[in-house]
Amino acid sequence: MSESEFESRRRFLAFLAGTPLLAAAGVDLRHFRSLLAGPHDQQIEAFELAQDVAQDPLITAAGQAINVFDFEPVAKKNIPVAHWGYLMTGSDDDGTIQANRDAYQRWAMRMRRLVDVSKVDTSVSLFGTRFDTPIVLCPVGSQKAFHADGELAVARAAKARNHLQVLSTVATTSIEDVIAARGGPVWMQLYHRLDWAQTRQLVKRVERAGAPAVAFTVDLLGGSNRETLLRAQQVDTRECSNCHKGGKPAPGISGLIDDRDNRRKPNIAEFAPETPIPEVGTPTWDFVKRLKDTTSMKVLLKGIVTGEDAALAVQHGVDGLFVSNHGGRAENSLRGTIESLPEVVAAVRGRIPVELDGGVRRGTDIFKGLALGASAVGIGRPYIWGLGAFGQEGVETVLLLLRRELELVMKQAGTTSIARISKDRVVARGPRVS
Ligand SMILES: Cc1cc2nc3c(=O)[nH]c(=O)nc-3n(C[C@H](O)[C@H](O)[C@H](O)COP(=O)(O)O)c2cc1C
């Protein structure tokens, strides 16, 4: 290193020592400054100290994780940059992703004391099936883009810990294989086809495979603008069209069913891409009725964020709702999903179950969702971080950590079962929510 490079690094570190960053990382600032002011070898020591701070060591085994965030940098290291962009993207400037996270902080907990909490029961029942916890593995497309075992690893984790798994229409594993790996039914998420006959064929196949419920996703009917994905794709040096027939993604089209490339999507691979008979317009409430009339499965809608649509859904015989904004991938400038939840719950009046997802990363987030009336709470990216980092074991550990956090907060709040997590256990912090 030249004399001037050395001097400019030294000045930069002196500047860093004046910011809260080093102290926040646990560096003894007095010691650091004295090293920096000392002879050459001590200044080198200061450089190395700063380098250690900058390189927070990654976990090397799932069991080392303290919380779900520990999986994120490991997954990022393992996953190709364009696929990482697909995972992390929101819409426009990703504001709804942030809103989802921030919104949990608008509620504070109201703990109750002196309740016997030596035993807590986190189990829930959905359409007559019991699950060990209310934590749902939300549908996430193309999981083999994150780990070679993809949806199968997730199914095995769901089996090991008895969680509800919802499979994406655009999964890289078939519904039949996932149900076999889960050792029991999973729910199916539905993206409609332009041709109703194909939609019907897909729904019937899912029904035959043994899925008890289908969740029709209604928040991408106009497409979405995923800029983080587009930017990541630009820096990935691999040629997208080697694997994706449609080539690289284009602004505004992500999220619509892309008939150009279904080769690696076994749930829709049987449909010839060239011959869709387009429906007139995009789906409306008539489509929901048609779906209900077509299948014996429970029909849920995923992507509802208002009380008005929740009321319409009940009127149209829908069996359940996902309050969801697609993890901030559908539109920008939305509220956090937990802010939409109260009006949906009020409109539904307990008639059908309501799932909440979006930005759930902590046991307290899950608790707040349940307190505000959700029947179950879903995660997307966190379990994919686990998958990308350590495969099935990573997914299992994510589920375990969230369950532990939930159990802890349930005990602290004096709530020994999910049913006991009532609205009075949370309170709005500010004037923005009621
Ligand atoms: C990479 C990725 C792919 C997704 N694919 C689908 C999908 O195929 N169908 C769907 O309904 N939702 C899909 N979602 C949305 C999730 O089901 C869920 O609503 C969202 O991830 C929850 O937010 P979170 O990621 O902040 O936990 C996807 C989300 C991600 C991150």
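What you see is a predicted model, and the numbers here were worked out from it, not measured in a lab.

*Asks:* Help me understand the sheet that holds strand β6 (residues 187-190), please; the structure alone is not making it clear to me.
*Replies:* Note on sheets: strands pair through backbone hydrogen bonds, and any given pair is parallel or antiparallel. A sheet is described by the order of its strands in space; here 8 strands give the open sequence β4-β11-β10-β9-β8-β7-β6-β5, paired in parallel fashion. Taken across any chain shown, the strands that pair with only one partner, and hence form the sheet edges, are β4 (135-137) and β5 (166-167). The sheet contact formed by β5 and β6 spans 2 bridges and is parallel. Following the sheet pairing, V166 is matched in β6 by W187.

*Asks:* Whenever I open this one, the domain arrangement of the protein confuses me. Can you help?
*Replies:* Reports of interface size often rely on the accessible area that becomes lost once the parts have come together. Under the domain assignment used here, the protein contains domain 1 (3-54) and domain 2 (64-428). Averaged C-alpha coordinates put domain 1 and domain 2 at centres separated by 44 Å.

*Asks:* Where do I start with empty space enclosed by the protein in this structure?
*Replies:* Using a probe with the size of a water molecule, rolled over the atoms, empty space left in the structure can be pinpointed. One pass over the full model with this rule turns up 1 cavity of 30 Å³ or more. In this structure, the largest cavity occupies an estimated 50 Å³ of space. In terms of lining, the largest cavity is formed by L126, W187, L300, L321, F322, P353, V354, E355, S375 and A376. Counted by class, the lining of the largest cavity contains 8 nonpolar, 1 polar and 1 charged residues.

*Asks:* Looking at this structure, I do not really get the pairing of strand β8 (residues 298-304). What am I missing?
*Replies:* Here is the key point about a regular strand: its side chains alternate between the two faces of the sheet. Counting buried residues along β8, 6 of its 7 residues qualify, which places the element largely inside the surrounding structure. Bridge analysis of strand β7 (residues 213-217) against β8 gives 5 bridges, and the strand direction is parallel. Among the inter-strand pairings, V214 is bridged to a residue of β8, identified as V299. Where β8 meets strand β9 (residues 320-323), 4 bridges bridge the pair, whose relative direction is parallel. Across the sheet, K302 pairs through a bridge with F322, a residue of β9.

*Asks:* Just to check I follow, could you spell out the pattern of salt bridges for this structure?
*Replies:* For the structure on display, the rule yields 16 salt bridges. Notably, a salt bridge pairs D365 with R101, separated by 2.9 Å at the nearest N-O pair. Here D365, found in helix α15 (residues 363-371), pairs with R101, found in helix α7 (residues 95-104); they are 264 residues apart in sequence, far enough to count as distant. Judged by relative accessible area, D365 falls into the buried class, the value being 1%. Members of the salt-bridge network, linked through shared partners, are R130, D132, R403 and E407.

Cut-off values and rules
Residues numbered from 1 in each chain as written. Predicted model: local features only at pLDDT ≥ 70, side-chain atom pairs only at ≥ 80, totals over all residues. Heavy atoms only, no water. Pairing = 2+ DSSP bridges. Helix = DSSP H or I, 4+ residues; strand = E, 2+ residues; numbered from the N terminus. Domains from an automatic or database assignment. 1 Å grid on protein atoms, 1.4 Å probe; cavity = no way out; pocket = protein on both sides within 12 Å on 5 of 7 lines; lining within 4 Å. Points joined across faces, edges and corners; volume = space filled by probe spheres on them. Nonpolar A, V, L, I, M, F, W, Y, C, P; charged D, E, K, R; others polar. Buried < 20%, exposed > 50% of the residue type's maximum accessible area, 1.4 Å probe, protein only. Salt bridge = Lys/Arg side-chain N within 4 Å of Asp/Glu carboxyl O.

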